[in-house]
Amino acid sequence: MLARCLEHSQRILSRKSNVPSLYLGRKHISPQRFISSSPGPIGKGKYAWSRGIGFVAFAGATIYVFDRQFNASSIGRNLRTLYTGALVAVDYKMNFKPGHMDNITALHERVAERLYNLLVENGGLYIKIGQALAANTAVLPAPFQSRFSKLFDDAPQVPYADIERVFIAELGKPPTGEDGIFEEFEERAVASASVAQVHRAKLKGPAGANDPGRWVAVKVQKPDVSMQVEWDLAAYRAIMWMYENWFFDLPVYFLVDFISSHLRLELDFLNEARNAQRTAALIASEPQLAGKVYVPKVYDEFTTGKVMTAEYIDGVKLSDRRAIRRLLDGASTSSSAHGPDPDPAAIPNWDGSASPSYSSKPLRGGARSIMETLVSLFSVQIFQWGFVHCDPHPGNIIIRRRVPSNEPQLVLIDHGLYVTMPDDLRRDYARLWKGLLGGDMKEVREVAHGWGIGKESLDLLASGVLLKPWRSTERRNNGAGKKELDPYEKSLIMKEKLRQFLTDTERFPKALVFLGRNMRMVQGNNQALGSPVNRVKVIGHWASRSLATAANLSLSQRLREYWHHATYVIVIFALDVAFWLSKVRRWARGGSGVSFEDELEQEMRRFSKENLGIELDENAFLA
């Protein structure tokens, strides 16, 4: 452009003044000779800069399209995670200081909102990680408790076409049709979670059209999850490392491998099928549970790593309190596990026969029978089998009526998340429970030391295990007269308590994280039904009994353990007296007083405030 302008100017000047072209000696020199055919230094820089911007934009657009279309947005999710994680860390570093005490509540609000939005926007495994955090939000500031509780809501369903593609890829045939596997397959899911959704289907076969035994539940993994999982876990690992080493100096990274491995297993539906079948066999071998607890049959021929087919169970979910109350009272209608108020002719298939049974009689044993079975089930899993279902929230427990006994039967579903306890951990956990309830401080100190827990944290360990306030004798009066703490002081105390608690992370049993989750949910289920059983007593009984009935004991050892168990039963009678006194007080108030679990919760909230500086939400222990 510049060359053309100079040439045009030269022609004009030549015409007006008849001035010839420049001469140097006898040599003719055209003005164009002074115009380079390539850009100068400034032109080169501009050209290179614009070319670089264009290349970066093109590469970014290509990566974005590839990531979105072929990589399930995994790279974008990771960048969003790292950005949010860094933003949260910087916000805390800059504003969590004594001089900013008035703004600390607002700081917690901002951080809780950012993390919640990140988990929901990323979805998939992030919801699972968020639910694991939500199970521990009782020790986090109030904004986290209110936000993260929403993560247990049903996740959005993915389109049926996506589910059908996964189904065909896994089983080699479509769900229905001439070459299909099932006679019917409902396109709308009956339940949708973070990583999978469940559809109802009917098996092909000669049985009658109305045979409920032909209906199955088909759990199909959402299509993007398998591509996202390793990216998501890598981001989780990076964030935990940064928080421990750069920002907060808290021992959190040591749990990453353990939690990641269990999240991977939860995505393997063949593993879930094996867990369900093993649990069913263990239940059948325990006389106190056989018949009272049921695990749906798994159809191996229609089960793969991403598709699991199991017997479809109609019943009342423990989370549906109104339907549970109707079942207990023997009302004329009830609610199935997948919808309210069905027609009486469609009442759940309680007895497993070809035609549904229906009874308007109150359920024999009532809420007490349900909770005795539930608490015993998870106590046996922990202390006797060492194979523990770690997701017993009320949506995973279905109640149905047994005929003709009219007794409740618990149906346990969703067997993806289990932990296996080594024998020494199972034995030590039983010793801890027995020592705490029997007042054997030597036993408690030995177990805590073996787990790498500081001696200053015995009260915290005991209260966390029992989910009831517990103080050693020498500390019972230390909480009196303490001043009210501000948010900054509360957070410092909580941080210091965590450091004291985990003095040796190498020795700390990582399975305790999931066991604590299990115990909190069991307590919440008991509390939701009005505390019909003394949960602490039932668990303590199974802990002591497991020590007395352990394998490989000599005769003298077994006799000694039975003697200790008999002594423990007598000592624990005092706890049972407290439980029944609570019942009497409630009855004297016309049933309007607080339940036993409610009293324990109130005491736990006072204990946490006095000793840890933690304000527990009023629903912290509900499942």
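Look above for the structure.
Residues numbered from 1 in each chain as written. Predicted model: local features only at pLDDT ≥ 70, side-chain atom pairs only at ≥ 80, totals over all residues. Heavy atoms only, no water.

Take the pattern of salt bridges next. A complete count under the given rule lists 19 salt bridges for this structure. For K219, the salt bridge is made with E272, and the minimal N-O distance between the two is 2.9 Å. Of this pair, K219 sits in strand β6 (residues 215–221) while E272 sits in helix α10 (residues 269–285), and the two are 53 residues apart along the sequence. Here the two residues K219 and E272 agree in accessibility, since each one is buried. Within this structure, D428, R431, E443 and E446 form a network of salt bridges that share partners. (Salt bridge = Lys/Arg side-chain N within 4 Å of Asp/Glu carboxyl O. Helix = DSSP H or I, 4+ residues; strand = E, 2+ residues; numbered from the N terminus. Buried < 20%, exposed > 50% of the residue type's maximum accessible area, 1.4 Å probe, protein only.)

So, about the environment of A189. Looking at the secondary structure, you find A189 in the loop between β3 (182–185) and β4 (191–192). Note on A189: relative accessible area 7%, which makes it buried. Considering only alpha carbons, one finds A189 and A217, 28 residues apart in sequence, at a separation of 9.8 Å.

On the surface, F573, V577 and L581 cluster together into a nonpolar patch covering about 280 Å² of accessible area. Structurally, the position occupied by L581 is in helix α20 (residues 573–588). (Patch = residues over 30% accessible without salt bridge, like charges linked within 9 Å, V, L, I, M, F, W, Y side chains within 5 Å. Areas by Shrake-Rupley, 256 points an atom, 1.4 Å probe, with all protein chains shown as cover.)

Moving on to the packing of helix α13 (residues 423–438) against helix α14 (residues 441–450). Packing of α13 against α14 brings their axes to within 8 Å, and their N-to-C directions diverge by 145°. Judged by the twist between their axes, the crossing of α13 over α14 is left-handed. Listed contacts from α14 to D428, R431, L432, G435 and L436 of α13 are E443, V444, E446 and V447. Of the residues that constitute the contact of α13 with α14, the class distribution is four nonpolar, one polar and four charged. (Axes fitted to C-alpha atoms, helices over the stretch in contact; angles between N-to-C directions. Left-handed = near helix turned anticlockwise from the far one by under 90°. Contact = heavy atoms within 4.5 Å. Nonpolar A, V, L, I, M, F, W, Y, C, P; charged D, E, K, R; others polar.)

Attention now moves to the side chain of N518. With respect to the helices and strands, the residue N518 is situated in helix α17 (residues 511–528). For N518, a relative accessible area of 0% corresponds to the buried category. Apart from residues lying up to four places away in sequence, N518 is in contact with F378, I382, V388, H389, C390 and P392.

Across a sheet, strands are paired by hydrogen bonds formed along the backbone, either parallel or antiparallel in direction. Strand order in the open sheet formed by four strands is β7-β12-β11-β9, with mixed pairing between adjacent strands. Edge positions in the sheet fall to β7 (293–294) and β9 (316–317), since each has one partner strand and no second. This element, helix α12 (residues 366–385), spans β7, β11 (397–401) and β12 (408–412) of the sheet and lies at about 40° to β12. (Pairing = 2+ DSSP bridges.)

This paragraph deals with the packing of α12 against α13. At a minimum axis distance of 8 Å, the contact between α12 and α13 shows a crossing angle of 120°. The angle between the axes of α12 and α13 places the two elements in the oblique class. Of the residues in α13, those in contact with I382, F383, Q384 and W385 of α12 are R426, Y429, A430 and W433. Residues belonging to the contact of α12 with α13 are distributed by class as follows: six nonpolar, one polar and one charged. (Parallel < 35°, antiparallel > 145°, perpendicular 65-115°, else oblique.)

In terms of burial, β12 is largely enclosed, as five of its five residues are buried. Here β12 shows no split at all, with P408, L410 and L412 on one side and Q409 and V411 on the other all buried. Strand direction decides the pairing type here: β7 and β12, joined by two bridges, are parallel. Residue pairing in the sheet places V293 in a bridge with L410 of β12. Here β11 runs beside β12; their pairing, made up of five bridges, is antiparallel. What sits directly across from I399, in β12, is L410. Linking β11 to β12, which pair antiparallel, is a turn of six residues; within it N406 sits at a positive phi near 65°.

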